[in-house]
Amino acid sequence: MEAVQHLHSPCLVLAGAGSGKTRVITHKIARLMQPGYGADLAPSQIGAITFTNKAAAEMRERVKDLVGPRAAGKLMVCTFHSLGVRLLREDGEALGLKPQFSILDADDVTSILRDCGATTDAKLARSWQWQISLWKNMGLTSGQAMSVIKTDEEQVAVRVMKLYEERLLAYQAVDFDDLIGLPLKLLAEHEHVRAKWQRQLRHVLVDEYQDTNATQYEMLKLLVGPNGIFTAVGDDDQSIYGWRGATLDNLKRLPQDFPTLKVIPLEQNYRSTSAILRAANNVIQLNPKLFQKTLWSDLGEGEPVRLVECDNEEHEAERAVARIQAVRGGNASGVQAAVEWNNFAILYRANHQARIFEQALRKANIPYKVSGGQSFFDKAEIKDLCAWLRLLINNDDDPAFLRAATTPKRGIGHQTLGSLGEFAGQWKKSLFEALFADSLAAKLNARALGTLHEFGRFVNDLEYKARHTHGAEDAKAFLMEWLKEIGYEQHLYDNEENEKVAAARWNNVLDFVDWVAKRCGGEIENDGGMTTESERKSVLDVAQTISLITSLAERNADQNVVTLTTLHASKGLEWPHVVLAGCNEGLLPFSREEGEISGQQVEEERRLMYVGITRARLSLMVCVLRRRKKGREYVQAMPSRFVAEMKLGEGTPGESPRERIKRLREELAAKAKAAPPPSGD
DNA sequence: AGCGGCGTCATTTTT
DNA sequence: TGACGCCGCT
């Protein structure tokens, strides 16, 4: 394959949906390491960058199969963010960041912003958070953002951002956006650091390149240097994260920024039938093209795409369930394969659509999982424990301090913390530092002071032990001892009136303990024929990596259940049989008020539709609602314009639904004509 | 300080 | 339909 052979200049692989891009990347990595092909790189000189931990894990696994565990272990396969962490931990001191800095998750950020903006309104805080994140992703500081603000709300957001920046510095904490922005700054401003990493990484491969934002592209450029060699793999037609800062400009600019860039399109699709692919192509061809590309497959025509009209959401769920049962029973025309539950997925635009499907599936006794729901690390009990660990790593992490000091309740109340906070602010110390200051005694009564000191000593003691506890077994013992000392199990039962819920929470805690302990290693692992003792890490080492990890993917992989997922989260996945739910105007081209949607937004929504269609291998069912629930009552629902764009003419039996869709589509067009046309299309 | 009733309001989401 | 904020009451 050309993309794999091309080793000596920058390379852009335009990997259409289902064209086997992971295979290209893994084979290219193998080739780069293979002697006699001119590259001859050591594993440690190759970096493969992905967006999610899951993708990184999968990549590592696939490479391991090709080059063996030894070489694979030395490769740098990581996410943009974990790469950022590595840069900052190794060289961040040049920016005045101590190596044990804390990484804040989204909730921490929300509560800090509430504080900075002096409000209790989480929604307002989240809107700031959102805005600040966009600015950061464009590479702007609060000072620079000041010059681009348009509205009063943005004015306020900038002011809050300023305070927020100061606060993070004081906490020695960074948020997720900083994990890109700060390394970028580091590389840009410190030549020796830049030289070090450019020497280290001789070939960088970037997965899902179309999802990169402005700062990630800048970071990539600095990482590879002006003459750098890299492989970017992506698909402009699958760019669906514009709303969080990803920009196709990065794709546009690549040929200009790197004149020797070789562009290689991958147009053969190994996943879907021609019927499905034709529908996908019909839709996406209506978007302006950055690079020309038309997918084809030799998997045969296959079943026609089914268009199903449903009265409302409940009816839609019933029909989806009926479809699944029919295919599984082998009664559906043309589908013969042994059909397991995990061959099915129901895709939808917005999370709340899952509920009705869940009900219907439960009623039909069909096992399912909802992806993208609350993740393990979002659960309150896990966050409690993570706050403790964070405090051990970085004593100056005030948000962690507050959470740890008050969960479980240990006699440190709002009064005490208020005074402590005031004192700390006055002397520009972290809460933890302030707690041991002599002059604090003047501000607090003896009892409160005693409790605080006791807490501080406990944390110090714990920190010492965590630093010196290595290996899975000792780690587990240490963690259990700690939980016992803070009385965490009791705390759960005290604060949860429902005993079952408390038990479930405690179970999560135990899972968490096992998970951390496992990562402390020291156990004999079987690594594809070779047994190696994994590296022994201290509890503290492991704790440092936690905030980057958001799922326990290894725990619930490969369950034989039907998948319910949003279109966004479905990218990169595939199923033999797919149901595309709620293909209606306002929902799939999502729009807040009827018709209020810009041309750019429609394009991204169209790509989303394209992603959805191309998830299906053998059969695709597209659902359109006649009426949908809006608030409490049903409203007329227009079929999505994308349904007509699929041009499901050929070979569809049963003309009546199609006719009806056509009619509704025409009505929609007439209505659009009557109303003032949306700008920018 | 904590709890319960009432009104408001709803994309997508990884790290 | 439900999650959450706010306010007033104990």
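Right above here is the structure, for reference.
Summarised in this report is the structure supplied together with it. (Residues numbered from 1 in each chain as written. Chains lettered and ligands numbered in written order. Predicted model: local features only at pLDDT ≥ 70, side-chain atom pairs only at ≥ 80, totals over all residues. Heavy atoms only, no water.)

### Observations regarding the sheet that holds strand β16 (residues 616–625)
Taken together, the six strands give an open sheet; going across it, the order is β9-β16-β15-β10-β14-β11, and neighbouring strands pair in parallel fashion. Each edge of the sheet is formed by a strand with only one pairing partner; in this case those strands are β9 (306–310) and β11 (368–370). Looking at each pair of strands side by side, their axes are set apart by 20° on average, direction ignored. Bridge analysis of strand β15 (residues 575–580) against β16 gives five bridges, and the strand direction is parallel. The residue of β16 that forms the bridge with W575 is A616. Along the sheet, helix α26 (residues 599–613) contacts β10 (344–348), β15 and β16; its crossing angle with β15, the most-contacted strand, is approximately 140°. (Pairing = 2+ DSSP bridges. Helix = DSSP H or I, 4+ residues; strand = E, 2+ residues; numbered from the N terminus. Axes fitted to C-alpha atoms, helices over the stretch in contact; angles between N-to-C directions. Contact = heavy atoms within 4.5 Å.)

### Considerations on the sheet that holds strand β2 (residues 46–50)
If you trace the six strands from one edge of the open sheet to the other, you get β3-β2-β6-β7-β1-β8, paired in parallel fashion. The strands lining the two open edges of the sheet, one partner per strand, are β3 (76–79) and β8 (262–266). The average angle at which neighbouring strand axes cross in this sheet is 15°, direction not considered. Examined bridge by bridge, strand β1 (residues 11–15) and strand β7 (residues 230–234) share four bridges and lie parallel to one another. In the sheet register, C11 faces β7, and the bridge partner there is T231. Along the sheet face, helix α2 (residues 21–33) touches β1, β2, β6 (203–206), β7 and β8 and points at about 170° away from the line of β6. Against the sheet, helix α4 (residues 80–91) makes contact with β2, β3 and β6, and its axis sits at roughly 110° relative to β3, the strand it touches most.

### Considerations on helix α17 (residues 398–406)
Considered for burial, the residues of α17 that qualify are D398, P399, A400, F401, A404 and A405. Those residues of α17 that are buried are in contact with α5 (106–116), α8 (152–171), α16 (380–393), α18 (414–427), α19 (431–435) and α20 (446–468). (Buried < 20%, exposed > 50% of the residue type's maximum accessible area, 1.4 Å probe, protein only.)

### Let's talk about the packing of aromatic side chains
The final tally for this structure, using the stated rule, is 13 aromatic pairs. Considering the side-chain rings of F51 and F80, the 5.4 Å spacing of their centres and the 55° angle between planes classify their relative orientation as tilted. On the criterion of sequence distance, the pair formed by F51 in the loop between β2 and α3 (53–74) and F80 in helix α4 is long-range, its members being 29 residues apart. On the basis of relative accessible area, F51 is assigned to the partly exposed category, the value being 21%. (Phe/Tyr/Trp six-rings, centres within 6.5 Å; stacked < 30°, edge-to-face > 60°.)

### Some points on the packing of α5 against helix α6 (residues 122–137)
Two elements in contact, α5 and α6, have axes separated by 9 Å at closest approach and are oriented at 110°. Relative to α6, α5 is oriented roughly perpendicular. As for the relative orientation of α5 and α6, their crossing is right-handed in sense. From α5, A106, V109, T110, L113 and R114 reach across to α6, where they touch A122, A125, R126, W128, Q129 and I132. (Parallel < 35°, antiparallel > 145°, perpendicular 65-115°, else oblique. Left-handed = near helix turned anticlockwise from the far one by under 90°.)

### Here's the deal with the packing of α4 against helix α10 (residues 191–200)
Think of two packed helices as two axes; the pair is described by the angle between the axes and how far apart they sit. Put simply, α4 and α10 touch, their axes get as near as 12 Å, and they point 130° apart. As the angle between them shows, α4 and α10 are arranged oblique. Relative to α10, α4 is oriented so that their crossing is right-handed. Residues R86, L87, E90 and D91 of α4 pack against V193, K196 and W197 of α10. Classifying every residue of the contact of α4 with α10 by side-chain character gives three nonpolar, no polar and four charged. (Nonpolar A, V, L, I, M, F, W, Y, C, P; charged D, E, K, R; others polar.)

Structural measurements only, silent on function.
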